[in-house]
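# Tertiary structure, described
Chain residues, written in single-letter form:
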Amino acid sequence: MRIVVNRLERDSLGEREIDDEVFYGIHTLRALENYPITGKTIGTYTELVRALAYVKLASAKANFELGSLTETKFKAIQFATREILEGKYHDQFVVDVIQGGAGTSTNMNANEVIANIGLLKLGYRKGEYPFLHPLNDVNMSQSTNDVYPTALRLATIFSIKHLLSAMESLQFAFHEKALEFKDLLKIGRTQLQDAVPMTLGQEFSTYDVMLGEDHIRLREAISLIGEINLGATAIGTGINTDIRYSKRAIEILSEESGVFLEAAPNLIEATQDTGAFVQLSGVLKRISTKLSKICNDLRLLSSGPQGGFNEINLPAMAAGSSIMPGKVNPIIPEVVNQIAFEVIGNDITITMAAEGGQLQLNAFEPIIAHSLFKSIEHLTAGCKTLELNCIKGITANKEILANRVKSSAGLATALNPYIGYENACIVAKRSLSENKTVEEIVLELGLMEKENLHEILRPEILTAPKQKEKLI
């Protein structure tokens, strides 16, 4: 049984005992008590913890180079942040992701953990802050109001890279299916009613294009996220910093993180404006909307097998019912639909949080962070499961597709240029009412010669523009 040893720490509100096993301090302890909200800690967002470590490392190095921080303290901070960047101590980032104070508790959690790791490296005990202080040293030249937004932006860029990769892989899976199905003729639909012929490959190629467009939009949104306010300190005036600090800290942060970052043109504006997050969230909503539409299509096209469209088969991933034997449901598209609903809801949260800021600061960036990370993480996972557990295993019911094209009254549309709209209407109606093919009705009415009719109804004629030739 572990013997609990406590250390005593002080802040402006008084003294508290801290379990000496932990690396955080009194400010973090108070946050634990104040914000029992989601049960999800900032430590669960690995990219945010890494981003905080990068910001603290860049700040310490800039302060050391400018003569504001001693070499001993800089090396201790550098050691601590490197340890965190290697994946250690993430369990010490314990404050709830949703918190008051505009992220102050997150910043303090990082300051205290880094200070105590550094103190042990220097040969001192945790909490011996005169030798390495969370605020005077780790937080030198900083404020929560520039550290937190900068770390959030950097973490977002890290996370988006995973989403971009997942989207690209999913897009390629649709591209492969489009090639596989390129010669399978089927009936297209508008408003769920039979329309004109197309190929199943054309149908799947649209999903390829849709994802490709959003891949570009997401990259554009990242460029706005890379504009940061590090060096702004409290409200953007840069109080308590060396005039050279902001430029140098941002340069170091870019070098260390491998992400191109640049200073916002106006730090006062950048400290209060969260418009880039609204923009990004809007793109995530756009992606979600399209993915959900694609999944709706997949569920419709695979519906049945006897009472629905039954044009494609989705991989059977689980038994579908506790009462109906043999039933298999489209569970993968369904889960992606639900992710889309969540992302759209998160977008509303981000919009309201951005709107809710007042004067020189937006206090609601923690809920923006939580909502953004959920959207990005869940979309990334959704794209991966849709690709691996659904799209790659889709097969086509070729006979059903062919028979529906052959019997569809929609073929009459292809005859408009040759027999006129009115005659085509007559053909379509008789085809439906008499349960005969369009070809049979046209020949019965003597509207075209059989040879010419076969030429017009060739798949390559039906599914793409072609220079019209006089056939009658």
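In what follows, the structure referred to is the one given above.
So, here is what we can say about the structure in this document. This one's a predicted model, so the numbers in the text were calculated from it and none came from an experiment.

So, how was this worked out
- Within any chain, residue numbers begin from 1 and follow the written order of that chain's sequence.
- Under the rules for a predicted model, residues below a pLDDT of 70 receive no local features and side-chain atom pairs below 80 are neither given nor counted, while totals for whole chains, interfaces and linings still include all residues.
- Values shown for side chains rest on all heavy atoms present in the structure; no hydrogens or waters enter the calculation.
- Helix and strand labels come from DSSP, where a helix needs a run of H or I of at least four residues and a strand needs a run of E of at least two; each type is numbered from the N terminus.
- Categorising residues by exposure relies on relative accessible area from a 1.4 Å probe, with only protein chains included: less than 20% of the type maximum marks a residue as buried, more than 50% marks it as exposed, and the intermediate range marks it as partly exposed.
- What sets the accessible areas is the Shrake-Rupley method with a 1.4 Å probe; for residues, cover comes only from the shown protein chains.
- Think of it this way: Lys and Arg go in the positive column, Asp and Glu in the negative one, and His and the chain ends go nowhere.
- A single reference atom marks each charge: NZ on Lys, CZ on Arg, CG on Asp, CD on Glu.
- With axes taken as lines fitted to C-alpha atoms, and helix axes fitted only over the stretch in contact, angles between N-to-C directions fall between 0 and 180 degrees.
- Orientation is classified from the angle alone, with under 35 degrees giving roughly parallel, over 145 giving roughly antiparallel, 65 to 115 giving roughly perpendicular, and any other angle giving oblique.
- The handedness criterion is simple: a crossing whose near helix is rotated anticlockwise from the far helix by less than a right angle is left-handed, and one whose near helix is rotated clockwise is right-handed.
- Should any heavy atoms of two residues lie within 4.5 Å, those residues are counted as being in contact.
- Charged residues are taken to be Asp, Glu, Lys and Arg, nonpolar residues to be Ala, Val, Leu, Ile, Met, Phe, Trp, Tyr, Cys and Pro, and polar residues to be all remaining types, Gly included.
- Contacts described as polar in this section are N or O atom pairs within 3.5 Å, which, within protein, must combine one atom able to donate a hydrogen with one able to accept it, while residues neighboring in sequence count only if both atoms come from side chains.
- Under the pairing criterion, centres of Phe, Tyr and Trp rings, with the six-membered ring standing for Trp, must be within 6.5 Å; the plane angle then separates stacked pairs below 30 degrees from edge-to-face pairs above 60, leaving the rest tilted.
- Surface patches are drawn from residues lacking salt bridges whose relative accessible area is over 30%; two like charges belong together within 9 Å, two nonpolar side chains (Val, Leu, Ile, Met, Phe, Trp, Tyr) within 5 Å.
- Every case where a carboxyl oxygen of Asp or Glu lies within 4 Å of a side-chain nitrogen of Lys or Arg is listed as a salt bridge.
- Relevant arc is that of directions from the helix axis to the C-beta atoms, nothing else.

## Side note on the overall build of the protein
When its secondary structure is counted, the protein shows 18 helices and eight strands. Seen through its C-alpha atoms, the protein measures out along the principal axes to roughly 100 × 55 × 35 Å. For the protein, with 472 residues in total, the buried portion stands at 50%. Accessible surface for the protein amounts to roughly 22100 Å². Of this, 54% is attributable to carbon and sulfur atoms. Positive and negative charge centroids in the protein, built from 47 and 57 side chains respectively, lie 2 Å apart.

## So, the packing of helix α15 (residues 421–434) against helix α16 (residues 438–445)
Working note: a packed helix pair is described by the angle between its axes plus the distance between those axes. Where α15 meets α16, the closest approach of the two axes is 9 Å, and the angle between their N-to-C directions is 120 degrees. Relative to α16, the element α15 lies oblique. Our pair here, α15 against α16, has a crossing hand that is right-handed. Residue-level inspection shows Ile426, Val427, Arg430, Ser431 and Glu434 of α15 in contact with α16, the latter providing Val438, Ile441, Val442, Glu444 and Leu445. The residue makeup of the contact of α15 with α16, split by class, is six nonpolar, one polar and three charged.

## As for the side chain of Glu47
Relative to the helices and strands, Glu47 is located in helix α2 (residues 46–65). Here the side chain of Glu47 touches His162 through a polar contact of 2.9 Å, side chain to side chain. Beyond its immediate stretch of four places on either side in the chain, Glu47 contacts Ala155, Phe158, Ser159 and His162.

## Focus: the packing of aromatic side chains
Taken as a whole, this structure holds nine aromatic pairs when the rule is applied. Considering the side-chain rings of Tyr45 and Phe373, the 5.0 Å spacing of their centres and the 40 degrees angle between planes classify their relative orientation as tilted. Taken together, the positions of Tyr45 in the loop between α1 (26–34) and α2 and Phe373 in helix α12 (residues 365–389) put the pair 328 residues apart, joining distant regions of the chain. Given the relative accessible area of 2%, Phe373 is considered buried. Ring centres of Phe204 and Tyr207 lie 5.7 Å apart, and the angle between their planes is 70 degrees; on these two criteria the pair is classed as edge-to-face. Linking Phe204 with Tyr207, this pair stays in helix α7 (residues 200–225), spanning three residues, or about one helical turn. Residue classification places Phe204 among the buried positions, given a relative accessible area of 0%.

## Points about unusual backbone geometry
Outside of glycine, negative phi angles account for most residues, and trans bonds account for most peptide bonds. Following Gly304, the chain continues into Pro305 via a peptide bond in cis, with omega recorded as 10 degrees. Positionally, Pro305 belongs in the loop between α10 (275–301) and β7 (312–313). With a phi close to 65 degrees, Ser141 is a non-glycine residue in the positive phi region. Looking at the secondary structure, you find Ser141 in the loop between α5 (134–138) and α6 (144–180). For Asn310, which is not glycine, the phi torsion reads 55 degrees and is therefore positive. Structurally, the position occupied by Asn310 is in the loop between α10 and β7.

## With respect to the environment of Val113
Note on placement: Val113 falls in helix α4 (residues 104–122). For Val113, a relative accessible area of 0% corresponds to the buried category. For the pair Val113 and Lys126, spaced 13 residues apart in sequence, the C-alpha separation works out to 9.5 Å. Discounting residues that sit within four places of it in the chain, Val113 has contacts with Phe23, Tyr24, Ile84, Tyr89, Gln92 and Phe93.

## Thoughts on a negative patch on the surface
Together, Glu227, Glu262, Glu269 and Asp273 make up a negatively charged patch on the protein surface. Within the element layout of this structure, Glu269 appears in helix α9 (residues 267–272). The partly exposed category is assigned to Glu269, whose relative accessible area is 33%.

## Considerations on α16
Where α16 is concerned, the buried positions are Val438, Ile441 and Val442. Down the axis of α16, the buried side of the element spans an arc of 100 degrees, and every buried residue falls inside it. Buried positions along α16 lie against α15 and α17 (450–456). Positive backbone phi, at 70 degrees, marks Gly446, one or two positions downstream of α16.

## A look at the pattern of salt bridges
Per the counting criterion, the structure on display carries 34 salt bridges. With a closest N to O distance of 2.8 Å, Arg430 and Glu434 form a salt bridge. Here Arg430 and its partner Glu434 are both found in helix α15, four residues apart, which amounts to about one turn of the helix. Looking at Arg430, the relative accessible area reads 24%, which means it is partly exposed. In this structure Glu434 comes out as partly exposed when scored by relative accessible area, which is 32%. Residues joined in a network through salt bridges with shared partners are Glu65, Lys247, Arg248, Glu251 and Glu255.

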